[in-house]
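Each chain, written out:
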Amino acid sequence: MAISKKVNGFMENSSWIRKMFEEGIRLKKEFGEENVFDLSLGNPVIEPPQKVQDALVQAAKDTSPGLHRYMPNAGFQDVREAISKTLSEECKVTLSANDLVMVCGAAGGLNITLKTLLDSGDEVLIFAPYFVEYLFYADNHGGKVVSVKTHDDFTLNFDALKNALNEKTKAVIINSPNNPTGVVYSREELKQLAKILKKHSDKSGRPVYLISDDPYKKITFDGVEAANILELYENSIYITSHSKDIALAGERIGFVAVHPKCEDADNLMAGLIFSNRVLGFVNAPALIQRVLKNVQGVTVNVEQYRKKRDFLYGELVRIGYEVVKPQGAFYFFPKSPIKDEVEFVNKLAEKKVLVVPGRGFGCPGYFRISYCLPDSVIEGSIPGFESAFQAYL
Ligand SMILES: Cc1ncc(COP(=O)(O)O)c(C=O)c1O
């Protein structure tokens, strides 16, 4: 076999999203595109805001010399300055360009961070349900992931966290607004989390770094605040991207910000910059970095997602699904009406509705719906959701 046993095993066991995507292609071929409702992928159909499109055209037109060359591995200095200014206002901590590394999306940011932090066997705590790529990213860098359960409403379970923390714990990853649940951790919850990690770090003499993976940070509803971890915990690393908030997923752009008072901050920054280089990213794409400088504070119209959430939530509850109302991002994580959610997801596929089984997120018995889609797809899926549910009454 050409590929390693490990990659082969990962590919066979862990790609529910991919499986559903392929099932969607098969169903669309058989029944026609308009008769299949694929709510499995988190690839937003909303276009980037006009201001972003204009800045992109302007950046492309700039023929000044040197704009497309290699740059410092951390990214353009002026771009990082502009972002650090915006971020400092947001999180009420004074950051400078030197606290930031421009990266190829949050995925790139997570990989350089884990590479920089982890020694072989170090543990990384993640809360279930989780973004499944964390498993692979930690494995990329020799880390061991430990899954920590959450409460029934997917808020943080501090008893479970305390039980999981030990002398091997190097980092904790959180994600709020959350994929797959749409839950936003409250400021109080994050304060409590910070307190527990600080206490553990002090006791063990080894800092636990809190990584906040937040590409959905700007997508919250009903005035709910997604507090920034930099404001609440010194040993924190904030990772975000513009894949969702300005719909630039294909452009692969984001940044990592390290709290200036983080333990060993200078070394950590140097490690992140080095890892950006040796993981082969070298630096984040130049053109789109320059666009960011001119669109600070711009986001997609979050109201569009709010309307989709309200419609779908109303329908799911009317049908009888048990589901936590999301406060952000663009996912629902309802309870499967039967224990075996894979059987239920297959029943939905029979009705031409595609979603992802919860076990793909470390949480069997649930399934994920993605609603960053055209209204026609969301509306068209309702009869399928209804008749699949009724099949088990
Ligand atoms: C929780 C979470 N983290 C990270 C990512 C990766 O985002 P990016 O496209 O910025 O790499 C995603 C993408 O869906 C995500 O849902």
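Residues numbered from 1 in each chain as written. Predicted model: local features only at pLDDT ≥ 70, side-chain atom pairs only at ≥ 80, totals over all residues. Heavy atoms only, no water.

Undergrad: Give a detailed account of the site of the ligand, specifying residues and quantitative values.
TA: Close to the ligand lie 14 residues; Asp-213, Tyr-216, Ser-241, Ser-243 and Arg-252 are nearest. Side-chain polar atom of Ser-241 to an oxygen atom of the ligand: 2.7 Å apart, as the coordinates give it. Ser-243 places a polar side-chain atom, nitrogen or oxygen, 2.7 Å from an oxygen atom of the ligand. In isolation the ligand offers 400 Å² of accessible surface; the protein chains occlude 91% of this area. The element that contributes the greatest number of residues to the shell around the ligand is helix α5 (residues 105-117), accounting for three residues. (Near = heavy atom within 4 Å. Polar contact = N/O pair within 3.5 Å; in protein donor to acceptor, adjacent residues only side chain to side chain. Areas by Shrake-Rupley, 256 points an atom, 1.4 Å probe, with all protein chains shown as cover. Helix = DSSP H or I, 4+ residues; strand = E, 2+ residues; numbered from the N terminus.)

Undergrad: Which residues make up the domain arrangement of the chain, and what values do they have?
TA: For the chain, the domain assignment lists domain 1 (5-48 + 301-390) and domain 2 (64-293). Here the C-alpha centre of domain 2 lies 27 Å away from the C-alpha centre of domain 1. Taken together, the contacts link 28 residues of domain 1 with 29 residues of domain 2. Across the domain 1 to domain 2 interface the summed buried area is about 2,400 Å²; carbon plus sulfur atoms make up 65%. The interface formed by domain 1 and domain 2 includes two salt bridges. Between Lys-6 and Asp-139 there is a salt bridge, and its shortest N-O distance comes to 3.0 Å. One can count 11 residue pairs in polar contact (both at pLDDT 80 or more) joining domain 1 with domain 2. Secondary structure elements with two or more residues in the side of domain 1 that touches domain 2: α1 (5-13), α11 (302-319) and β9 (331-332). Sort the elements by how many residues they give to the side of domain 1 that touches domain 2 and α11 lands first, with four residues. Tallied by class, residues from the side of domain 1 that touches domain 2 come to 17 nonpolar, six polar and five charged. (Domains from an automatic or database assignment. Contact = heavy atoms within 4.5 Å. Buried area = accessible area lost by both parts, 1.4 Å probe. Salt bridge = Lys/Arg side-chain N within 4 Å of Asp/Glu carboxyl O. Nonpolar A, V, L, I, M, F, W, Y, C, P; charged D, E, K, R; others polar.)

Undergrad: An account of the side chain of Gln-289 is requested, with residue identities and associated values reported.
TA: Relative to the helices and strands, Gln-289 is located in helix α10 (residues 286-293). According to the relative accessible area criterion, Gln-289 is buried, its value standing at 0%. A distance of 2.9 Å separates a polar atom in the side chain of Gln-289 from the backbone oxygen of Ala-284. Excluding residues within four positions of it along the chain, Gln-289 makes contact with Met-71, Gly-75, Phe-76, Val-79, Met-102, Ile-253 and Ala-284. (Buried < 20%, exposed > 50% of the residue type's maximum accessible area, 1.4 Å probe, protein only.)

Undergrad: Report on the pairing of strand β3 (residues 123-128), specifying residues and quantitative values.
TA: Counting buried positions along β3 gives six out of six residues, so the element sits mostly inside the fold. Of the two faces of β3, both are covered, the one formed by Glu-123, Leu-125 and Phe-127 as well as the one formed by Val-124, Ile-126 and Ala-128. In this sheet, strand β4 (residues 144-149) lies alongside β3 in parallel orientation, the contact comprising six bridges. Bridged to Leu-125 within β4 is Val-146. Taken together, β3, helix α6 (residues 133-140) and β4 form a β-α-β motif whose crossover is right-handed. Across four bridges, the pairing between β3 and strand β5 (residues 169-174) is parallel. (Pairing = 2+ DSSP bridges. Right-handed = clockwise from strand over helix to strand, strands pointing away.)

Undergrad: Before we move on, can you summarise the packing of helix α4 (residues 77-91) against α10 with the specific residues and values?
TA: Between α4 and α10, the shortest axis-to-axis distance is 9 Å and the interhelical angle comes to 40°. Of the possible angle classes, the one that applies to α4 and α10 is oblique. Here α4 runs over α10; the crossing is left-handed. For the pair α4 and α10, the contacting residues are Asp-78, Val-79, Ala-82 and Ile-83 in the first and Gln-289, Arg-290, Leu-292 and Lys-293 in the second. (Axes fitted to C-alpha atoms, helices over the stretch in contact; angles between N-to-C directions. Parallel < 35°, antiparallel > 145°, perpendicular 65-115°, else oblique. Left-handed = near helix turned anticlockwise from the far one by under 90°.)

Undergrad: Just give me the short version of the nonpolar core, but keep the residues and values in it.
TA: Counting 74 residues, the largest nonpolar core has Leu-161 and Phe-385 as the members making the most contacts within it. Take this core: its biggest share by element is six residues, from helix α13 (residues 375-390). Residues lining this core come from more than one domain, with at least three contributed by each of domain 1 (5-48 + 301-390) and domain 2 (64-293). Ignoring sequence-local partners within four residues, the contact set of Leu-161 consists of Leu-125, Phe-127, Val-148, Leu-193, Ile-196 and Leu-197. Counting residues in each nonpolar core, the second largest holds 28 residues, with Leu-110, Leu-114, Ile-173 and Ile-237 among its members. (Core = buried A, V, L, I, M, F, W, Y, C linked by side-chain atoms within 4.5 Å.)

Undergrad: Describe the packing of aromatic side chains, and please don't skip the residues or the numbers.
TA: Taken as a whole, this structure holds 19 aromatic pairs when the rule is applied. Residues Phe-154 and Phe-333 carry aromatic rings whose centres are separated by 5.6 Å and whose planes lie at 65° to one another, so their mutual orientation is edge-to-face. Linking Phe-154 in the loop between β4 and α7 (158-164) with Phe-333 in the loop between β9 and α12 (341-350), this pair joins segments that are 179 residues apart in sequence. Here the aromatic rings of Tyr-238 and Phe-255 are separated by 6.2 Å at their centres, their planes lie at 65°, and the arrangement is edge-to-face. Highlighted residues: Tyr-238 in strand β7 (residues 236-241) and Phe-255 in strand β8 (residues 254-258), separated in sequence by 17 residues. A residue is classified by how much of its surface remains accessible, and Tyr-238, at 2% relative accessible area, is buried. The class for Phe-255 is buried, based on a relative accessible area of 5%. Here the aromatic residues Tyr-321, Phe-344, Phe-367, Phe-385, Phe-389 and Tyr-392 are joined through ring pairs into a cluster of three or more. Positioned over the ring face of Phe-31 is Lys-352, at 4.1 Å from the centre of the ring. (Phe/Tyr/Trp six-rings, centres within 6.5 Å; stacked < 30°, edge-to-face > 60°. Lys NZ or Arg CZ within 6 Å of the ring centre and 35° of its normal.)

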